[in-house]
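Below are the chains, spelled out letter by letter.
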Amino acid sequence: MNTEGIMKKKKILHTTTRLVLGGGVEKNIYYSIAGLKDEFEFHLSCGADYKDDLFIHHPEIKIIPCSHLVNKISFINDIKALWFYYKLIKKEKYDIVHTHETKASFITKLAAWLAGCPYIIYGLHGVTFNDPMSSFKRKFYILLEKSTIHCADLIISVGYNTIEAYHKKNIGKNIPYEIVRSGIDIEAYLSQAINDENERKKFRQSLGITENDIVIINVGRFSYSKAQRYSIRAFAGLKKKYVNLRLLLIGEGELLEECKTLCQNLGIDKESVVFLGYQQDVPKFLSVSDLFMFTSLREGLPRVIVEASLLQLPVVTFLVEGANEVLEHEKTGFIVEQGNIDALIYYAEQLILQPSLRVRFGKLANGHVIDHWDMRLMIRQLHEIYNRKIR
């Protein structure tokens, strides 16, 4: 067989701190690799927190765990992880290293730079230094970013708010960047929803929800930054006025038990709040709900707001990075100041009392996300980026 003239596939390494069930970053990486795997050779490396539910169906994608890559700062483990990735990148001779999440990006973009990788992409999914933390810790994170951002040849941000936050701190202002939305397989996503009214009623009944109940839903990992505690407190306030309210909480995480205890302390009865744990078929639950309440304190681009809008579910959310890129306050949804439970209650109440407003917001937000968050658009953009001439 004459192989002369056949172009060798570019070899690309994606890195991420965690590969967790249902994670937004995991979905972003999965759709990117699955959509382009015929044209590029992909490897994927993740840290010690590895609970995959997507790549398990693609054995042809090489997964490379690094036991030293952990989410928290650990000097010894971090040095070992840096050495691990330096050796890996030297050995495999990747054409491109595309990093994701703060910890993995910090370590692997530095390792790629030291190893002489031709092209390094910093995938920016959020603003870690905007997390609630001490002033010292925030300054430390900013210093780390400033000292290693030069390793990247390109920054790919999931939203404008995220890159603006970096530029505001004078981080990476001289590095080229592009906005690539974290795409969704819209057809597959919508196919998981319940569209038949009779089936919708049956599913609600299976959850202990009556036909006259108003269902509020929140989806996300139970963590300090996802801050379900604010949703629970707002629900407790609303429940005093509207007895027919129900709250569905989907997700796992380190603060799950703490949130359950909070419900008890606030006197919320067990029938009113349903902790559903991790669910693969989130659209099914969104499609039987009446409004989405999101109280996260940090995002890159809140993917779950996009997903709720795909199902025409109206949203009330804290002002978090990317929220105003998905919704327009009082026109396609409600965006309130972080931590302002009174405002959260007020705007949720508007949606509870006005079914027609729920319908209008849902339809308008839906049109916007379909135009901008289609997975195929993300894949086309990455295809163009990966095919650029590299040094």
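This text gives an overview of the structure that appears in the document.

Reading the values: rules and limits
Residues numbered from 1 in each chain as written. Predicted model: local features only at pLDDT ≥ 70, side-chain atom pairs only at ≥ 80, totals over all residues. Heavy atoms only, no water. Buried < 20%, exposed > 50% of the residue type's maximum accessible area, 1.4 Å probe, protein only. Helix = DSSP H or I, 4+ residues; strand = E, 2+ residues; numbered from the N terminus. Pairing = 2+ DSSP bridges. Axes fitted to C-alpha atoms, helices over the stretch in contact; angles between N-to-C directions. Parallel < 35°, antiparallel > 145°, perpendicular 65-115°, else oblique. Left-handed = near helix turned anticlockwise from the far one by under 90°. Contact = heavy atoms within 4.5 Å. Nonpolar A, V, L, I, M, F, W, Y, C, P; charged D, E, K, R; others polar.

1. Overview of the pairing of strand β5 (residues 119-124)
Most of β5 sits inside the fold, with six of its six residues counted as buried. The side-chain alternation of β5 yields two buried faces, one formed by Tyr-119, Ile-121 and Gly-123 and the other by Ile-120, Tyr-122 and Leu-124. With five bridges joining them, strand β4 (residues 96-100) and β5 adopt parallel strand pairing. Pairing of His-100 across the sheet is with Gly-123, part of β5.

2. Thoughts on the environment of Phe-140
Following the sequence through the fold, Phe-140 ends up in helix α4 (residues 135-148). Sequence-wise, Phe-140 and Asp-196 are 56 residues apart; in three dimensions their C-alpha atoms are separated by 52 Å.

3. A look at the packing of helix α8 (residues 228-239) against helix α9 (residues 256-265)
Contact pair α8 / α9: the axes reach a minimum separation of 10 Å and the direction vectors enclose 15°. One way to sum up the angle between α8 and α9 is to call them roughly parallel. For the pair α8 and α9, the sense of crossing is right-handed. For the pair α8 and α9, the contacting residues are Gln-228, Arg-229, Ile-232 and Arg-233 in the first and Cys-259, Leu-262 and Cys-263 in the second. Residue classes in the contact of α8 with α9 are distributed as four nonpolar, one polar and two charged.

4. Points about unusual backbone geometry
In the Ramachandran plot, Lys-93 falls in the positive-phi region, its phi being about 55° despite a non-glycine side chain. Structurally, Lys-93 is set in the loop between α2 (75-92) and β4. By relative accessible area, Lys-93 is classed as exposed at 64%. One non-glycine residue, Glu-101, adopts positive backbone phi at about 65°. Its location among the elements puts Glu-101 in the loop between β4 and α3 (102-114).

The values are spatial; any link to function lies outside them.
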